[in-house]
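Here is what each chain is made of, one letter per residue.
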Amino acid sequence: MNCNTLITSDIVQEFKPSWAHLKIKELRRRFVALFYFCRMKQKNTDHLSNSGFISKSCIVLEGGGLRGAFTAGVLEYLLESNIDFDRVIGTSAGACVGASYVSGQRGRNWKVNVEYPSDKRYMGLRHLLSKGSYFNMDFIFNDIPNSLVPFNERSFYNNSAEFDVVTTSLKSGKSVVFTRNDFQRVSLNRALVASSSIPLMAKPVKIDNELYFDGGVSDSIPVKYALKKHSRAVVVLTRPRGYRKEELSGKFLYELAFRKHPEFLKTLLNRNEEYNKTLAFCDQMEREGRLYIIAPSEEYSINRTEKNIKKREALYNHGYSLMREQVDNLRSFLSL
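Scope of this entry: the structure provided in the associated data block. (Residues numbered from 1 in each chain as written. Predicted model: local features only at pLDDT ≥ 70, side-chain atom pairs only at ≥ 80, totals over all residues. Heavy atoms only, no water.)

As a further point, take the overall build of the chain. From N to C terminus, the chain includes 16 helices and 8 strands. Expressed as a percentage of its 336 residues, the buried residues of the chain come to 49%. Within the chain, residue pairs in contact and separated by at least 24 positions form 73% of the contacts whose partners lie at least 6 positions apart. (Helix = DSSP H or I, 4+ residues; strand = E, 2+ residues; numbered from the N terminus. Buried < 20%, exposed > 50% of the residue type's maximum accessible area, 1.4 Å probe, protein only. Contact = heavy atoms within 4.5 Å.)

Moving on, we get to the pattern of salt bridges. The final tally for this structure, using the stated rule, is 8 salt bridges. Of the charged contacts in the structure, one is a salt bridge between R87 and D164, with a shortest N-O distance of 2.8 Å. Taken together, the residues span a long stretch of sequence, with R87 in strand 2 (residues 87–91) and D164 in strand 3 (residues 162–169) at a distance of 77 residues. Neither R87 nor D164 differs from the other in exposure class; each is buried. Overlapping salt bridges bring together D182, R185 and D208 as one network. (Salt bridge = Lys/Arg side-chain N within 4 Å of Asp/Glu carboxyl O.)

Within strand 3, 7 of the 8 residues are buried, which leaves it mostly tucked inside the rest of the structure. One ladder, built from 5 bridges, connects strand 2 with strand 3; its direction is parallel. Paired with T91 across the strands is V166, a residue of strand 3. Summarising the sheet, strand 3 and strand 4 (residues 175–178) pair through 4 bridges and their orientation is antiparallel. (Pairing = 2+ DSSP bridges.)

In this structure, I59, L78, Y122, F135, F163 and I294 are the most contacted members of the largest nonpolar core, which totals 63 residues. Among the nonpolar cores identified, the runner-up in size contains 20 residues, and V235, C282, L291 and A295 belong to it. (Core = buried A, V, L, I, M, F, W, Y, C linked by side-chain atoms within 4.5 Å.)

What follows concerns the environment of F135. Here F135 lies in the loop between helix 7 (125–131) and helix 8 (137–148). For the pair formed by F135 and M123, sequence separation is 12 residues and the distance between their alpha carbons is 4.3 Å. Sequence-distant contacts of F135, defined by excluding residues within four places in its chain, comprise L66, Y122, M123, I140, I198, M201, R304 and T305.

Our focus in this paragraph is the environment of C282. Tracing the sequence through the fold places C282 in helix 15 (residues 271–287). C282 sits in the buried class, given a relative accessible area of 1%. C-alpha of C282 to C-alpha of I293: the two residues are 11 residues apart in sequence and 8.1 Å apart in space. In this structure, C282 is in contact with I221, V223, L291 and I293, ignoring residues within four places of it in sequence.

Turning to helix 15, a few remarks are in order. An ideal rise of 1.5 Å per residue puts 24 Å on 17 residues; helix 15 measures up with 25 Å between its terminal C-alpha atoms. Taken as a whole, helix 15 has its buried residues at N272, Y275, N276, T278, L279, C282 and M285. If you follow the buried residues of helix 15, they end up packed against helix 12 (223–229), helix 14 (262–269) and strand 8 (291–294). Looking one or two residues beyond helix 15, the residue adopting positive phi is G289, at roughly 80°. (Expected span 1.5 Å × (residues − 1).)

Here the focus is the packing of aromatic side chains. With the rule as written, the count across this model stands at 14 aromatic pairs. Among the aromatic residues, ring-to-ring pairing joins F151, F156, Y157 and F163 into one connected group. Just above the ring of F281 sits the side chain of K224; from NZ or CZ to the centre is 5.2 Å. Across the ring face of Y275, the terminal group of K245 is positioned such that the distance to the ring centre comes to 4.6 Å. (Phe/Tyr/Trp six-rings, centres within 6.5 Å; stacked < 30°, edge-to-face > 60°. Lys NZ or Arg CZ within 6 Å of the ring centre and 35° of its normal.)

A word on the packing of helix 4 (residues 68–80) against helix 16 (residues 309–335). Running from N to C, helix 4 and helix 16 cross one another at 45°; their axes reach a closest spacing of 7 Å. Comparing the axis directions of helix 4 and helix 16 gives the class oblique. Handedness of the crossing formed by helix 4 with helix 16: right-handed. Here A69, F70, A72, G73, V74, E76, Y77, L78 and E80 of helix 4 come into contact with helix 16, specifically with R312, L315, Y316, H318, G319, Y320, L322, M323, R324, V327 and L330. (Axes fitted to C-alpha atoms, helices over the stretch in contact; angles between N-to-C directions. Parallel < 35°, antiparallel > 145°, perpendicular 65-115°, else oblique. Left-handed = near helix turned anticlockwise from the far one by under 90°.)

This is how it looks when you write it as structure tokens:
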């Protein structure tokens, strides 16, 4: 819409000058006023075509270590079906598989999340003892994306979708979201490492002189963040419906390790309560039609460091099949 369509005949008449009698200064003043009027009218009408939450789609991806194989299967079917979202929000493993979805790389998540965890270089106690991380971050975030299963960074950035990575500040204990704008100064890869650094199982990651841990500590399922930006959202969980998180075991270890970071420790110890509140909120929003939730069946449950490739394969295939079964319902939800 251009300015000409915004100016009514009355306004044109108001600004129509008697050119012979006007001084240059007055002419300039009137044209400036007309210009700003057009700009203001444009801003006031932008919402009619661009704003609205409903016209934009959003998907939220929960973390969960190798339980992300389920999310990988869901996203693979979405890729094959050419179903895209305007915003992808991921926590930990959810952000990692989400990056390959945004880059449009079919089959990549299968290799990274189902096949490669069987490689001795991927994870294990020896990595925790030698490098301070159970998951070998250098192998997962350097060797794999740069050479073994190359990540198409150009394709990622050519995709116009917003991509938000959730982390947790060691200083404040609160969630911090890194967005596309941040990736100009903080690499996407570093944000993903921070979002995937599980307390006691990995070292914190420094970004802008601040330390960050796994986003799941503060916001495992960032649906409230999503619903502040969109009226509705799709959510992919990695736990079955009805699951509720129990209190953190081995509290004394966390109290010892993070005694100098009281806010972070508080968030850690209260994580189960906040997580369960979020699940209750998800249930409520689903009933109100604001969320479309995709969750695995309990029979396919695995732990976040699952070593059995057959179980990872089954979970991935379950996510793929479940999304195939629900794709018509999902399309209907997105078209509302």
